Amino acid sequence: GDSVTQMEGPVTLSEEAFLTINCTYTATGYPSLFWYVQYPGEGLQLLLKATKADDKGSNKGFEATYRKETTSFHLEKGSVQVSDSAVYFCALSKPNTDKLIFGTGTRLQVFP
Amino acid sequence: EPEVTQTPSHQVTQMGQEVILRCVPISNHLYFYWYRQILGQKVEFLVSFYNNEISEKSEIFDDQFSVERPDGSNFTLKIRSTKLEDSAMYFCASSGTSGLETQYFGPGTRLLVL
């Protein structure tokens, strides 16, 4: 069935370091892809999304490109801040279905 | 900014007891969802609800689970007879006029079954 695989955490970085969190997916058809972020004590918030191949989603300095040839949607940020410390979830959805299919989440810890 | 709220934030119950988890979706949203995350595992879809009926459910959502929108603001998940394996974080979400729109999540209820 359809699934999402994320790199295991925690990812620990110093402030201003480059961030990559890997995400790959398995799905038939043409899924939409998402990154959600969960800050401590809060719900999951949509960070960015892409709905078709080669689309790039971006928000708050984060980017991810929908790569159909490698079935990937890796999250990147050029310079992380302490305030980016959170859990990041990669997810997909399919047309004609309501549900989101999530990965396990990757905890990011950024130290000053 | 409108947000989804959930109560309680934590719930501890004995195996076999009934629990009701409550959610207040964003006020003009029409689609409602429950997800859960067992510790260390993936966030899993349980059920979606639209127009006062279930529109989709997963294999996890068996007869022990039910959902209800008892009034114009609340959306509840009931587990009739809890099992140890029901211990998880339960997330409520809502979306606007289409199930394909962005889903907005609440902070979750952590359920512990002893």
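My aim in this report is to walk through the structure given alongside it, one point at a time. (Residues numbered from 1 in each chain as written. Chains lettered and ligands numbered in written order. Predicted model: local features only at pLDDT ≥ 70, side-chain atom pairs only at ≥ 80, totals over all residues. Heavy atoms only, no water.)

## Examining the nonpolar core
Counting residues in each nonpolar core, the largest one holds 27 residues, and the members touching the most others are L19, W35, L47, L48, F73, L75 and Y88 of chain A. Looking at this core, the elements that each hand over two or more residues are β2 (11-14), β3 (19-21), β4 (23-26), β5 (32-38), β6 (44-50), β8 (62-65), β10 (86-93) and β12 (106-111) of chain A. The leading source of residues in this core is β10 of chain A, at 4 residues. Counting residues in hydrophobic clusters, the runner-up holds 23 residues, among them I26, L46, F75 and V113 of chain B. (Core = buried A, V, L, I, M, F, W, Y, C linked by side-chain atoms within 4.5 Å. Buried < 20%, exposed > 50% of the residue type's maximum accessible area, 1.4 Å probe, protein only. Helix = DSSP H or I, 4+ residues; strand = E, 2+ residues; numbered from the N terminus.)

## Overview of the pairing of strand β11 (residues 109-113) of chain B
Residues and elements named next belong to chain B. The alternating pattern of β11 places T109, L111 and V113 on a buried face and R110 and L112 on a face that is not buried. Bridging between strand β2 (residues 10-13) and β11 involves 4 bridges; their strand directions are parallel. In the sheet register, Q11 faces β11, and the bridge partner there is L111. In this structure, strand β9 (residues 88-95) lies alongside β11, joined through 3 bridges in antiparallel fashion. By the bridge assignment, A88 is partnered in β11 with L111. (Pairing = 2+ DSSP bridges.)

## A closer look at the state of the cysteines
All names here are of chain A. For the coordinates displayed, the defined rule picks out 2 disulfides over all chains. Each sulfur of the disulfide joining C23 and C90 lies 1.9 Å from the other. Judged by the sign of its S-S torsion, about -70°, the bond between C23 and C90 is left-handed. Here C23 is found in strand β4, whereas its partner C90 is found in strand β10, with 67 residues between them in sequence. (Disulfide = S-S within 2.5 Å.)

## Some details on a nonpolar patch on the surface
All names here are of chain B. Where nonpolar side chains cluster on the molecular surface, the patch consists of V12, L112 and L114 and spans about 270 Å² of accessible area. Mapping L112 onto the fold places it in strand β11. Using a relative accessible area of 40% as the deciding quantity, one classes L112 as partly exposed. (Patch = residues over 30% accessible without salt bridge, like charges linked within 9 Å, V, L, I, M, F, W, Y side chains within 5 Å. Areas by Shrake-Rupley, 256 points an atom, 1.4 Å probe, with all protein chains shown as cover. Salt bridge = Lys/Arg side-chain N within 4 Å of Asp/Glu carboxyl O.)

## Section: the sheet that holds β3 of chain A
Residue and element names in this part refer to chain A. With respect to topology, 4 strands assemble into an open sheet ordered β3-β9-β8-β7, the strand pairing being antiparallel. Edge positions in the sheet fall to β3 and β7 (56-59), since each has one partner strand and no second. On average, each strand axis in the sheet is tilted by 20° relative to the strand beside it, whichever way the strands run. Both β3 and strand β9 (residues 75-77) contribute to a ladder of 3 bridges, which runs antiparallel. When the bridges of β9 are listed, T20 appears paired with E76. (Axes fitted to C-alpha atoms, helices over the stretch in contact; angles between N-to-C directions.)

## Details of the interface of chain B and chain A
The interface of chain B with chain A comprises 18 residues on the first partner and 20 residues on the second. Buried surface at the junction of chain B and chain A, both sides included, amounts to about 1500 Å², of which 54% is carbon and sulfur. At the junction of chain B and chain A, the tally comes to 0 salt bridges. If you look at where chain B meets chain A, you find 4 residue pairs in polar contact (both at pLDDT 80 or more). Within the side of chain B that touches chain A, the residues separate by chemical class into 8 nonpolar, 8 polar and 2 charged. (Contact = heavy atoms within 4.5 Å. Buried area = accessible area lost by both parts, 1.4 Å probe. Polar contact = N/O pair within 3.5 Å; in protein donor to acceptor, adjacent residues only side chain to side chain. Nonpolar A, V, L, I, M, F, W, Y, C, P; charged D, E, K, R; others polar.)

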